Amino acid sequence: GTPISALQTRSHTISMPPDFLASGEHYALEVRGDSMIEAGIFDSDTVVIRRQDTADTGDIVVALLGDNAAVRYYHPEKEHIRFVPAGDHHATILVKRQDFLPMQLLGVVIGVYRRL
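One structure accompanies this document, and this report is about it. (Residues numbered from 1 in each chain as written. Predicted model: local features only at pLDDT ≥ 70, side-chain atom pairs only at ≥ 80, totals over all residues. Heavy atoms only, no water.)

1. Re the overall build of the chain
Of the regular secondary structure elements, the chain holds zero helices and eight strands. Look at the contacts in the chain between residues 6 or more apart in sequence, and 57% of them connect residues 24 or more apart. As displayed, the chain offers around 7,300 Å² of accessible surface, 50% of which is attributable to carbon and sulfur atoms. (Helix = DSSP H or I, 4+ residues; strand = E, 2+ residues; numbered from the N terminus. Contact = heavy atoms within 4.5 Å. Areas by Shrake-Rupley, 256 points an atom, 1.4 Å probe, with all protein chains shown as cover.)

Pasting the structure below:
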């Protein structure tokens with residue numbers, strides 16, 4: 001739902017098949033809230049993220065907004081970057097392009113791990 005505190009804490013590891021991960025550095029983040037539920041990402045899911053500071057329009061990204069991490073669709077525009085939830089029940093986060101630094105884009109979501 002709302003962005004979560006972005007504390008860098010290593011609480012556990014997840015084993016993934018090598019062919020699941022592309023080259024590069026990866027990490028996982030537990031999701032809090034339901035802002036991406038219509039994209040199939042639910043509260044308490046773990047998203048697998050490829051660390052990178054660029055993304056394509058429409059990618060699901062993790063962005064550092066203030067002291068919080070948000071999982072949203074990435075939509076850069078001329079003067080703003082829109083971070084769009086998967087559903088109308090949450091607000092789009094709008095950031096002025098000049099205020100958004102490349103280091104604030106923490107990566108692109110490449111998978112979802114869910115415990116049943």
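2. Quick word on the pattern of salt bridges
Going through the model one piece at a time under the given rule, you end up with four salt bridges. Between Arg51 and Glu25 there is a salt bridge whose closest N-O contact spans 3.2 Å. Of this pair, Arg51 sits in the loop between β3 (46-50) and β4 (60-65) while Glu25 sits in the loop between β1 (4-5) and β2 (26-30), placing them 26 residues apart in sequence. Given a relative accessible area of 35%, Arg51 falls into the partly exposed group. Residue class for Glu25 comes out partly exposed when judged on its relative accessible area of 47%. Its salt-bridge partner being Arg32, residue Glu30 comes within 3.0 Å of it at the nearest N-O pair. (Salt bridge = Lys/Arg side-chain N within 4 Å of Asp/Glu carboxyl O. Buried < 20%, exposed > 50% of the residue type's maximum accessible area, 1.4 Å probe, protein only.)

3. Here's the deal with the environment of Leu105
Within the secondary structure, Leu105 sits in strand β8 (residues 105-113). Classification of Leu105 as buried rests on a relative accessible area of 4%.

4. Observations concerning the nonpolar core
Ranked by size, the top nonpolar core spans 13 residues in total, and within it Val47, Val62, Val71 and Val109 carry the most contacts. Broken down by secondary-structure element, the contributors of at least two residues to this core are β3, β4, β5 (68-76) and β8. Residues in contact with Val47, not counting those within four places in the same chain, are Tyr27, Ala28, Leu29, Val31, Ile41, Val109, Gly111 and Val112. Formed by twelve residues, the second largest nonpolar core is a distinct cluster that contains Ala63, Leu65, Ala70 and Ile81. (Core = buried A, V, L, I, M, F, W, Y, C linked by side-chain atoms within 4.5 Å.)

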